[in-house]
Amino acid sequence: MKADFRHGRPFIKPEEAHLNIGFSCLAYLNTSLRLLPHHSNEEERRFWVLQGLHGLQIYANQSWHQHIVAYMDSVVAQRLEVPQYLIQQLENILKYSKAKPSEDFAQPTTVGATTSKDAHDQLYQSLKQFPALRKLV
């Protein structure tokens, strides 16, 4: 294993790691509300979170997009196919978007005049095939 690492690619592929972590974060965020009992009040929910029962919540909320963007950068660079299970989780997370619901998830974007907003969007070029997700990120 050490020889493989020294002379080539590491045994953990970064694109697979970002896919797995990003997918896990999205799946958690998309299902975390179902983990709380329906009869619980706000104080009980805070207590469970403070006890660490939902410790992934903070990390998933803050970092899911970084893993997805890193994975999508690999997808574009290596011409990989995005797994359907990831697309389903990405579609589910869009329900939290404040963008107009009429935007299609995988509708191609158009290239227009460059503005400061466009310059910011250049950070997420790998998401251009997913304009609604790009806007959410």
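Rules of the game
Residues numbered from 1 in each chain as written. Predicted model: local features only at pLDDT ≥ 70, side-chain atom pairs only at ≥ 80, totals over all residues. Heavy atoms only, no water. Helix = DSSP H or I, 4+ residues; strand = E, 2+ residues; numbered from the N terminus. Buried < 20%, exposed > 50% of the residue type's maximum accessible area, 1.4 Å probe, protein only. Contact = heavy atoms within 4.5 Å. Areas by Shrake-Rupley, 256 points an atom, 1.4 Å probe, with all protein chains shown as cover. Arc of directions from axis to C-beta. Patch = residues over 30% accessible without salt bridge, like charges linked within 9 Å, V, L, I, M, F, W, Y side chains within 5 Å. Salt bridge = Lys/Arg side-chain N within 4 Å of Asp/Glu carboxyl O. Core = buried A, V, L, I, M, F, W, Y, C linked by side-chain atoms within 4.5 Å. Phe/Tyr/Trp six-rings, centres within 6.5 Å; stacked < 30°, edge-to-face > 60°. Axes fitted to C-alpha atoms, helices over the stretch in contact; angles between N-to-C directions. Parallel < 35°, antiparallel > 145°, perpendicular 65-115°, else oblique. Left-handed = near helix turned anticlockwise from the far one by under 90°. Nonpolar A, V, L, I, M, F, W, Y, C, P; charged D, E, K, R; others polar.

Moving on, we come to the overall build of the chain. When you go through the chain residue by residue, the secondary structure sums to 7 helices and 0 strands. Listed N to C, the secondary structure of the chain is α-α-α-α-α-α-α in terms of helices and strands. Sorting the 137 residues of the chain into buried and exposed places 31% on the buried side. In the chain, 69% of the contacts between residues at least 6 apart in sequence involve partners at least 24 apart. Of the roughly 9,800 Å² of accessible surface on the chain, 55% is carried by carbon and sulfur atoms.

Here we come to helix α5 (residues 84-93). Every α-helical turn comprises 3.6 residues, leaving residues that sit three or four positions apart pointing alike. Every buried residue of α5 is listed here: Leu86, Ile87, Gln89, Leu90 and Ile93. Across the axial projection of α5, the buried residues extend over an arc of 165 degrees, all falling on one side. The inward-facing, buried residues of α5 abut α2 (14-31), α4 (56-78) and α7 (131-136).

Together, Ile21, Leu56 and Tyr59 make up a nonpolar patch on the protein surface, roughly 240 Å² of accessible area in all. Here Tyr59 shows up in helix α4.

Attention now goes to the pattern of salt bridges. Under the counting rule described, the total for this entry stands at 1 salt bridge. Its salt-bridge partner being Glu16, residue Lys13 comes within 3.8 Å of it at the nearest N-O pair. Looking at Lys13, the relative accessible area reads 35%, which means it is partly exposed.

So, about the nonpolar core. Ranked by size, the top nonpolar core spans 23 residues in total, and within it Leu26, Trp64, Ile68, Met72, Val82, Leu86 and Leu133 carry the most contacts. Every element with two or more residues in this core is listed here: α2, α4, α5 and α7. Top element by residues in this core is α4. It accounts for 7 residues. With near-sequence residues (within four places) excluded, Leu86 lies in contact with Leu19, Phe23, Leu26, Ile68 and Tyr71.

Take the packing of aromatic side chains next. Under the defined criterion, the tally for this structure stands at 1 aromatic pair. Centroid distance Phe23 to Tyr85: 5.0 Å. Interplanar angle 90 degrees. Geometry classified as edge-to-face. With Phe23 in helix α2 and Tyr85 in helix α5, the pair connects residues that are 62 residues apart, well separated along the chain. Judged by relative accessible area, which is 24%, Phe23 ranks as partly exposed. Judged by its relative accessible area of 38%, Tyr85 falls in the partly exposed class.

Viewed as axis vectors pointing N to C, α2 and α5 meet at an angle of 40 degrees, and their least axial separation amounts to 9 Å. Put simply, α2 runs oblique to α5. At the point where α2 passes α5, the crossing takes the left-handed sense. Contacts between α2 and α5 involve Leu19, Phe23, Leu26, Ala27, Leu29 and Asn30 on the former and, on the latter, Tyr85, Leu86, Gln89, Leu90, Asn92 and Ile93. Here the contact of α2 with α5 is built from residues that sort into 9 nonpolar, 3 polar and no charged.

Mapped onto the elements, Gln89 comes out in helix α5. Apart from the residues lying within four places of it in its own chain, the contact partners of Gln89 are Phe23, Leu26, Ala27 and Asn30.

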